[in-house]
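Overview (structure and organization)
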Amino acid sequence: MPEGHVIHRLAADIETAFTDGAVEVSSPQGRFSDAAAKLTGHRIPSAEAWGKHLFVSFDAPQPEHIVHIHLGLIGTFRLAPLAPPTGQVRLRIANAKTAADLRGPQWCRLLTPAEMDAAIAKLGADPLRDDADPAATWHKVQRSTRSIASLLMDQKLFAGVGNIYRAETLFRLGINPFAPGRTLTEAEFNAIWDDLVQLMADGVTAGRIDTVRPEHSPERMGRPPRKDDHGGEVYVYRRAAQPCWCCGAEIAHAMLEGRNLFWCPNCQRATD
């Protein structure tokens, strides 16, 4: 599932490509045809991301004029030079130069502004938004018996944070992933938040997730670049049984609430 930086980058790309004039909206697959017919021929004033949710607003006159998209596990939404659609395209937004094709989303639906507000109200603080309120998240974390690794994946607390950022920021800060939220100090929570803000903003800019510090880069360590679907340099994510870049210990792996968790047992030791 794409993490929050992908959705924020996508929102920016949509605004860049489509806010200058009216767009053609269609549903080649047919499952969004009625909604698309209400939107085609109108402008897109804005597109914005909240966590892993994308909201594309149109200036259409009906109350429901916001397309709410959640890509889920298999969805894609890609912009490319205009060409005939291929495959099962649920939604296409196009102008004379560019087409954005949505395939396989978990959600693609029309909302009113009030319904958008209600959807956003269910989400936690998004490290990529200037209006995020990490204090509200801290108050919930400090009362929780759940592990910090579990809490970081809770979209009602940390909107947009996924498995990679969860594993990597905990490693970078030397925090044991199984530590209950209520055992964290406020300083540790603030360090987690600040690290997420930095890493995720870098992800928006680069279009990939890189979490290793300069001294642990392939060039400085004399090692080959990492090859992985997400394309970035990481410390522990998907590196089970490989040596830690910092201490040489074997990276550990476990399943936590149905998701893969990676950590270094030496660098992230539990504290008494």
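Source: prediction; values computed, not measured. (Residues numbered from 1 in each chain as written. Predicted model: local features only at pLDDT ≥ 70, side-chain atom pairs only at ≥ 80, totals over all residues. Heavy atoms only, no water.)

1. Some remarks on the side chain of Arg129
The cut-off we apply is this: Numbering goes from the N terminus for both helices and strands, where a helix is a DSSP run of H or I of at least four residues and a strand is a run of E of at least two. Polar contacts, as counted here, are pairs of nitrogen or oxygen atoms within 3.5 Å of one another; within protein the pair requires one atom able to donate a hydrogen and one able to accept it, and residues that are adjacent in sequence qualify only if both atoms are side-chain atoms. Whether two residues are in contact is decided by their heavy atoms: any pair within 4.5 Å suffices.
Locating Arg129 in the fold gives a position in the loop between helix 3 (113–121) and helix 4 (134–141). Looking at Arg129, its side chain comes within polar contact range of the side chain of Glu48, at 3.3 Å. Ignoring sequence-local partners within four residues, the contact set of Arg129 consists of His8, Glu48, Ala49 and Trp50.

2. Description of the packing of aromatic side chains
Definition in use: The pairing test for Phe, Tyr and Trp rings, Trp by its six-membered ring, is centres within 6.5 Å, and the orientation test on the planes gives stacked under 30 degrees, edge-to-face over 60, and tilted for anything in between.
Scanning the entire structure with this criterion turns up five aromatic pairs. Plain terms: the ring middles of Phe178 and Trp263 are 5.0 Å apart, the flat faces sit at 85 degrees to each other, and that makes the pair edge-to-face. One end of the pair, Phe178, is in the loop between helix 6 (163–172) and helix 7 (186–206); the other, Trp263, is in strand 10 (residues 259–263), with 85 residues separating them in the sequence. The interplanar angle of 75 degrees and the centroid separation of 5.5 Å between the aromatic rings of Tyr237 and Phe262 together place this pair among those described as edge-to-face. Residue Tyr237 is found in the loop between helix 8 (218–221) and strand 9 (252–256), and its partner Phe262 is found in strand 10; the two are separated by 25 residues along the sequence. Put simply, the rings of Trp138, Phe158 and Phe189 pair up and form one aromatic cluster.

3. A short note on the sheet that holds strand 6 (residues 89–94)
The condition that has to hold: Two strands form a pair only when DSSP identifies at least two bridges running between them. Axis definition: a line fitted to C-alpha atoms, over the contacting stretch in the case of helices. Angles run 0 to 180 degrees between N-to-C directions.
Strands sit in the order 1-6-7-5 across an open sheet of four strands; the sheet is antiparallel. Lying at the two open borders of the sheet, with one neighbouring strand each, are strand 1 (24–26) and strand 5 (76–81). Ignoring strand direction, the axes of neighbouring strands in this sheet form an average angle of 15 degrees. Where strand 1 and strand 6 come together, three bridges link them in antiparallel fashion.

4. Digging into the UniProt feature "domain: FPG-type" (unreviewed entry) in the protein
Filter applied, for reference: UniProt positions are given in the numbering used here, feature names are shortened, and annotations may be inferred rather than shown by experiment.
With numbering matched to this structure, UniProt assigns "domain: FPG-type" (unreviewed entry) to residues 235–269. Helix makes up 0% of residues 235–269 and strand 29%, and the two end C-alpha atoms of the span are 16 Å apart.

5. Some thoughts on helix 7
For clarity, the cut-off: In this analysis, the expected span of each helix is defined as 1.5 Å times one less than the number of residues it contains. Whether a residue is buried, partly exposed or exposed follows from its accessible area with a 1.4 Å probe, protein chains only, as a fraction of its type maximum: under 20%, in between, or over 50%, in that order. The reported arc concerns the directions from the helix axis to the C-beta atoms and nothing else.
Between its first and last C-alpha, helix 7 extends 30 Å over 21 residues, near the 30 Å set by a 1.5 Å rise per residue. Considered for burial, the residues of helix 7 that qualify are Phe189, Ile192, Trp193, Asp195, Leu196, Leu199, Met200 and Gly203. Buried residues along helix 7 cover an arc of 170 degrees about the axis, so they all sit on one side. In this structure, helix 7 carries Ala187 and Thr205 as exposed residues pointing more than 90 degrees from its buried face. In the segment just after helix 7, Gly207 is the residue with positive phi, at about 75 degrees.

6. A short note on the environment of Ser147
Mapped onto the secondary structure, Ser147 falls in the loop between helix 4 and helix 5 (148–152). Among the residues examined, Ser147 registers a relative accessible area of 12% and is labelled buried. Sequence separation between Ser147 and Asn176 is 29 residues; the distance between their C-alpha atoms is 9.1 Å. Apart from residues lying up to four places away in sequence, Ser147 is in contact with Pro177, Phe178, Ala179, Pro180, Gly181 and Leu256.

7. A word on the domain arrangement of the protein
Just so we agree on the cut-off: As used throughout, domain bounds are those supplied by an automatic or database domain assignment. Two parts placed together each lose some accessible area under a 1.4 Å probe, and the buried area is that loss summed for both. Salt bridge, as applied in this entry: a Lys or Arg side-chain nitrogen positioned within 4 Å of an Asp or Glu carboxyl oxygen. Residues were grouped as follows: Ala, Val, Leu, Ile, Met, Phe, Trp, Tyr, Cys and Pro as nonpolar; Asp, Glu, Lys and Arg as charged; and all remaining residues, including Gly, as polar.
Entries for the protein in the domain assignment read domain 1 (4–121) and domain 2 (134–263). Counting residues at the interface gives six residues for domain 1, matched by 14 residues for domain 2. Both faces combined, the contact of domain 1 with domain 2 buries some 680 Å², and carbon together with sulfur accounts for 63% of it. Broken down residue by residue, the surface that domain 1 buries against domain 2 is led by His5, Arg9 and Lys52, which jointly contribute 77%. At the boundary of domain 1 and domain 2, one finds zero salt bridges. Linking domain 1 to domain 2 there are four residue pairs in polar contact (both at pLDDT 80 or more). Among the residues forming the side of domain 1 that touches domain 2, the class breakdown is no nonpolar, four polar and two charged.

8. Examining the pattern of salt bridges
With the rule as written, the count across this model stands at eight salt bridges. Between Arg129 and Asp131 there is a salt bridge, with its nearest N and O atoms 2.9 Å apart. Across the pair Asp210 and Arg208 runs a salt bridge, and its minimum N-O distance is 2.7 Å. Among the residues examined, Asp210 registers a relative accessible area of 30% and is labelled partly exposed. Judged by its relative accessible area of 32%, Arg208 falls in the partly exposed class. Each of Glu48, Arg129 and Asp131 takes part in one network of salt bridges that share partners.

9. Considering the pairing of strand 4 (residues 66–70)
Burial analysis of strand 4 places five of its five residues in the buried class, the great majority of the element. Here strand 4 shows no split at all, with Ile66, His68 and His70 on one side and Val67 and Ile69 on the other all buried. Two elements, strand 4 and strand 8 (residues 107–111), share five bridges in a ladder whose sense is antiparallel. Opposite Val67, over in strand 8, you have Leu110 as the bridge partner.

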